[in-house]
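# Per-entry structural report
Listed here are the chains, written in short residue letters.
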Amino acid sequence: RYDRVELLQRRIYQVRNADIGTLIVPPGVVIELEGQQPLVVRDSLIMRGTDDLPITVRPERERDRTVFRVERGVRSYVELENVIFEESIETQFDCDSLKVTDCEFNGPAIWEGIIQVRGSKFTGEVSLSSWHQLSVTHSVFEDGLTIAGDTRDGHLLNNNIIGGRGDGLRLRRFRNLEIQNNIIAFNRLGINNLHFEEPLLGYNNVFENETEDYIECSPGDGAISVNPEFVDQRESDYHLTEGSLCIDAGNPESPHDPDGTRADMGALYFDHPNSIEVIFAPTNAESFELTSVYPNPFNS
């Protein structure tokens, strides 16, 4: 048992039967878990990797099933950035606040708390329970997503829910939930609303789910049902190809994509080369002229 553990950069640690109050993990660390439940964090977990030096969590023996747990403590807080949880590791997080950015989870995820997820990928089943705020954006779910709890301020924006063996998006319970600009396709079932109220749906592409696309909910404004035209779904490359009807099809009131164009549907936006957004306002001009660019931005 430890009250606080802070690991050193670029080291490999074998963990077995550890009970830690606060665990801090820097970039480049590899954590190898031995046993079915080798690590329990009872207060705060902070794992901050980088693009160049991600943190890796893996079983000591390949494909051994193991659990990485966080139990709600006095000030239970989880922050994960650029962390890779390898196959067969299940994450069970029960905390006050959970922030996840640019991470990868290759096992089941069962989380509860105030949840914020951005730019992450999940290949196993995911269940998110929140009683306050829930924000999931620009993330990929390859085996379904379940929303539970009594979410008062929930937002599922610009995600891909693709190829799940069961429900793509299962809504068990919520209070206020906005679901927009998502691609939900090729699952056994699209959106399965088990709650007595409907979420705020709109501008989603819900396509070719085996059983049905919508159960106990309506598509809403701006909805389409077309092949999203991914670059390579088999290789999990969910970028949109040129000509995809998901491009510039998101809610026009959503924040624009980084290239300045209207929001796309899905987790990964299509980058328009040399795109320039032009806004015309009323004038008294009698004619318009498009001149050459000066100074030339492509001239070294």
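What counts as what
Residues numbered from 1 in each chain as written. Predicted model: local features only at pLDDT ≥ 70, side-chain atom pairs only at ≥ 80, totals over all residues. Heavy atoms only, no water. Helix = DSSP H or I, 4+ residues; strand = E, 2+ residues; numbered from the N terminus. Buried < 20%, exposed > 50% of the residue type's maximum accessible area, 1.4 Å probe, protein only. Salt bridge = Lys/Arg side-chain N within 4 Å of Asp/Glu carboxyl O. Pairing = 2+ DSSP bridges. Polar contact = N/O pair within 3.5 Å; in protein donor to acceptor, adjacent residues only side chain to side chain. Contact = heavy atoms within 4.5 Å. Phe/Tyr/Trp six-rings, centres within 6.5 Å; stacked < 30°, edge-to-face > 60°.

### A look at unusual backbone geometry
- In this model, Asn 158 sits at a positive phi of 55°, which is unusual for a non-glycine residue.
- Position of Asn 158 among the secondary structure elements: in the loop between β18 (153–157) and β19 (160–162).
- The class for Asn 158 is buried, based on a relative accessible area of 9%.

### Remarks on the pattern of salt bridges
- Considering all chains together, one arrives at 16 salt bridges under this definition.
- In this structure, the salt-bridge partner of Asp 94 is Arg 72, at a minimum N-O distance of 2.7 Å. Placement of the pair is Asp 94 in strand β10 (residues 89–101) and Arg 72 in the loop between β7 (66–70) and β8 (77–81), with a sequence separation of 22 residues.
- Arg 170 is the partner of Asp 167 in a salt bridge, and the nearest nitrogen-oxygen pair spans 2.9 Å.
- On the basis of relative accessible area, Asp 167 is assigned to the buried category, the value being 8%.
- Each of Arg 1, Asp 19, Arg 42, Arg 69 and Glu 71 takes part in a single network of salt bridges with overlapping partners.

### A look at the sheet that holds strand β16 (residues 140–141)
- Strand order in this open sheet of 10 strands is β2-β4-β6-β9-β11-β13-β16-β19-β22-β25, and the pairing throughout is parallel. The strands lining the two open edges of the sheet, one partner per strand, are β2 (12–15) and β25 (205–207).
- Pairing geometry for strand β22 (residues 183–185) and β25, over three bridges, is parallel. Paired with Ala 185 across the two strands is Phe 207, which belongs to β25.

### A word on the side chain of Asp 19
- Within the element layout of this structure, Asp 19 appears in strand β3 (residues 18–25).
- With a relative accessible area of 13%, Asp 19 lands in the buried category.
- In this structure the side chain of Asp 19 is engaged in a polar contact, spanning 2.7 Å, whose partner is the side chain of Arg 42.
- When sequence neighbours within four positions are dropped, the list of residues in contact with Asp 19 reads Arg 1, Tyr 2, Val 40 and Arg 42.

### Observations regarding the packing of aromatic side chains
- Taken as a whole and assessed by the stated rule, the structure comprises 10 aromatic pairs.
- Taking the centre distance of 4.8 Å and the plane angle of 0° together, the rings of Phe 122 and Phe 141 count as stacked. Taken as a pair, Phe 122 in strand β13 (residues 121–122) and Phe 141 in strand β16 lie far apart in primary sequence, 19 residues in all. For the pair Phe 122 and Phe 141, one class covers both residues: buried.
- Seen from their ring centres, Phe 186 and Phe 207 are 5.6 Å apart, and the 90° between their planes marks the pair as edge-to-face.

### Let's talk about the environment of Glu 60
- Relative to the assigned elements, Glu 60 resides in the loop between β6 (55–59) and β7.
- Expressed as a C-alpha distance, the spacing of Glu 60 and Gly 35, which sit 25 residues apart in the sequence, is 8.3 Å.
- For Glu 60, the residues in contact, after removing those within four places along its chain, are Glu 32, Leu 33 and Glu 34.

Functional significance is not addressed by these values, which are geometric in nature.
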